[in-house]
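Chain and residue survey
So the chains spell out like this:
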Amino acid sequence: MVADNLALLLEACTAAVAENSPVVVSRYVLQPALYRGRKFDLRFIVALRKVRPALVSIYDGWLVRTADEEYSVGDYTNLRKHLTVMQYLDERMGETADRDWVRKEQLVDNLVASFGPSADEQHIKMACHNAILECFSLATSGIHGDADEVVGIDPTTSHTRVRGCYGVDVMLRPRTDGACRQECPLEPVILEVNYKPDLRRIVREDEEFFEINATSGQLQFRSDVFTVDPVSGVV
């Protein structure tokens, strides 16, 4: 749901918690970048490999999800205009037809045409990767909340090596900070981070996303899919 009424949001959250349903509340992005007039977001698959300092690997084949209808402010009950993850809405509505997914290359071509050559794949990827690394760095830095409890992953624990897989959803919006032309004209906004994300679409589009470990026989991410810069931790 989308609302500007705090009491209404709290009521909806309370009802969801009572039913043991997960709740995510975030600020609505009013002026997102659009793909052919429709809202979109990007799904990045991230492997958190180390906590001190945060070290992440990011799958290079990020996914594009788009709304079904053209975007405009208002009419917030129209989920096919305001939401971008349509396959779950399809499942809830009992619709099973395969979708014609927007490919990364199609989106990039459209953004370059709309925002200029600095909105290319490399600039978008680096902007998003830096935002993701900052997010995980904050989550593992031991930030203290109002009751002095540690929020996120406690850095004093022994989790120097971890194996966590996350789905990070990112929306792009035009920058308003007067960035120079060499920088990406779009800035990433992280919408949410999901542990153990749905990988069905990625596996369908990239049949070699997983591989079998020759020694253990276990299923694992293919090593050349997730690569990390040893200095920055960003692909």
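The structure this text deals with has already been given above.
Notes on the structure in this doc start here. Quick caveat: nothing in here was measured; it's all calculated off a predicted structure.

1. As for the pattern of salt bridges
All chains considered together, the criterion is met by 11 salt bridges. Between Asp169 and Arg65 there is a salt bridge, and its shortest N-O distance comes to 3.1 Å. Highlighted residues: Asp169 in strand S7 (residues 164-174) and Arg65 in strand S4 (residues 63-66), separated in sequence by 104 residues. Overall, Asp169 belongs to the buried group, its relative accessible area being 4%. The salt bridge involving Arg103 is made with Glu205; its shortest N-O contact spans 3.5 Å. A residue pair is termed long-range when its members are at least 10 positions apart, and Arg103 in the loop between helix H3 (86-92) and helix H4 (104-115) and Glu205 in helix H6 (residues 200-205) qualify at 102 residues. Several salt bridges converge on common partners, so that one network encompasses Asp41, Arg43, Arg65 and Asp169.

2. Comments concerning unusual backbone geometry
Residue Asn20 is not a glycine yet carries a positive backbone phi of 60°. As for its placement among the helices and strands, Asn20 is situated in the loop between helix H1 (6-18) and strand S1 (34-35). The phi torsion at Lys196 lies on the positive side, around 55°, for a residue other than glycine. Topologically, Lys196 is positioned in the loop between strand S8 (186-195) and H6.

3. A closer look at helix H5 (residues 121-139)
Helix length check: H5, at 19 residues, gives a terminal C-alpha distance of 27 Å against a target of 27 Å (1.5 Å per residue), a fit within 8%. Among all positions of H5, only Ile124, Lys125, Cys128, His129, Ala131, Ile132, Leu133 and Phe136 are buried. Buried positions along H5 lie against strand S2 (38-50), strand S3 (55-59), H4, S7 and S8.

4. Some words on the packing of aromatic side chains
Under the counting rule described, the total for this entry stands at five aromatic pairs. Measuring from centroid to centroid gives 4.9 Å for Tyr59 and Phe209, while their planes differ by 85°, and the two rings are edge-to-face. One end of the pair, Tyr59, is in strand S3; the other, Phe209, is in the loop between H6 and strand S9 (210-212), with 150 residues separating them in the sequence. Of note, Lys104 hangs over the ring of Trp62, and the distance from its end group to the ring centre comes to 5.3 Å.

5. What about the pairing of S3?
Most of S3 sits inside the fold, with four of its five residues counted as buried. For S2 and S3, the ladder comprises four bridges, and the chain directions are antiparallel. Paired with Ala47 across the bridge in S3 is Ser57.

6. Quick word on the nonpolar core
Formed by 27 residues in total, the largest nonpolar core has its most connected members in Phe40, Leu42, Phe44, Leu107 and Leu172. Secondary-structure elements contributing two or more residues to this core are S2, S3, H4, H5 and S7. When neighbours within four sequence positions are excluded, Leu107 is seen to be in contact with Tyr35, Phe40, Leu42, Trp62, Val64 and Val102.

7. Digging into the state of the cysteines
The tally for this structure, following the rule as stated, stands at zero disulfides. Of the cysteine sulfurs around Cys128, a residue in no disulfide, the closest is that of Cys184, at 7.6 Å.

8. A closer look at the side chain of Asp41
Structurally, the position occupied by Asp41 is in strand S2. Within the structure, the side chain of Asp41 is placed 2.6 Å from the side chain of Arg65, a separation counted as a polar contact. Among the polar contacts made by the side chain of Asp41, one reaches the side chain of Thr84 at a distance of 3.1 Å. Not counting residues within four places of it along the chain, the set of residues in contact with Asp41 comprises Leu63, Val64, Arg65, Thr84, Val85, Asp169, Val170 and Leu191.

Quick notes on the rules
Residues numbered from 1 in each chain as written. Predicted model: local features only at pLDDT ≥ 70, side-chain atom pairs only at ≥ 80, totals over all residues. Heavy atoms only, no water. Salt bridge = Lys/Arg side-chain N within 4 Å of Asp/Glu carboxyl O. Helix = DSSP H or I, 4+ residues; strand = E, 2+ residues; numbered from the N terminus. Buried < 20%, exposed > 50% of the residue type's maximum accessible area, 1.4 Å probe, protein only. Expected span 1.5 Å × (residues − 1). Contact = heavy atoms within 4.5 Å. Phe/Tyr/Trp six-rings, centres within 6.5 Å; stacked < 30°, edge-to-face > 60°. Lys NZ or Arg CZ within 6 Å of the ring centre and 35° of its normal. Pairing = 2+ DSSP bridges. Core = buried A, V, L, I, M, F, W, Y, C linked by side-chain atoms within 4.5 Å. Disulfide = S-S within 2.5 Å. Polar contact = N/O pair within 3.5 Å; in protein donor to acceptor, adjacent residues only side chain to side chain.

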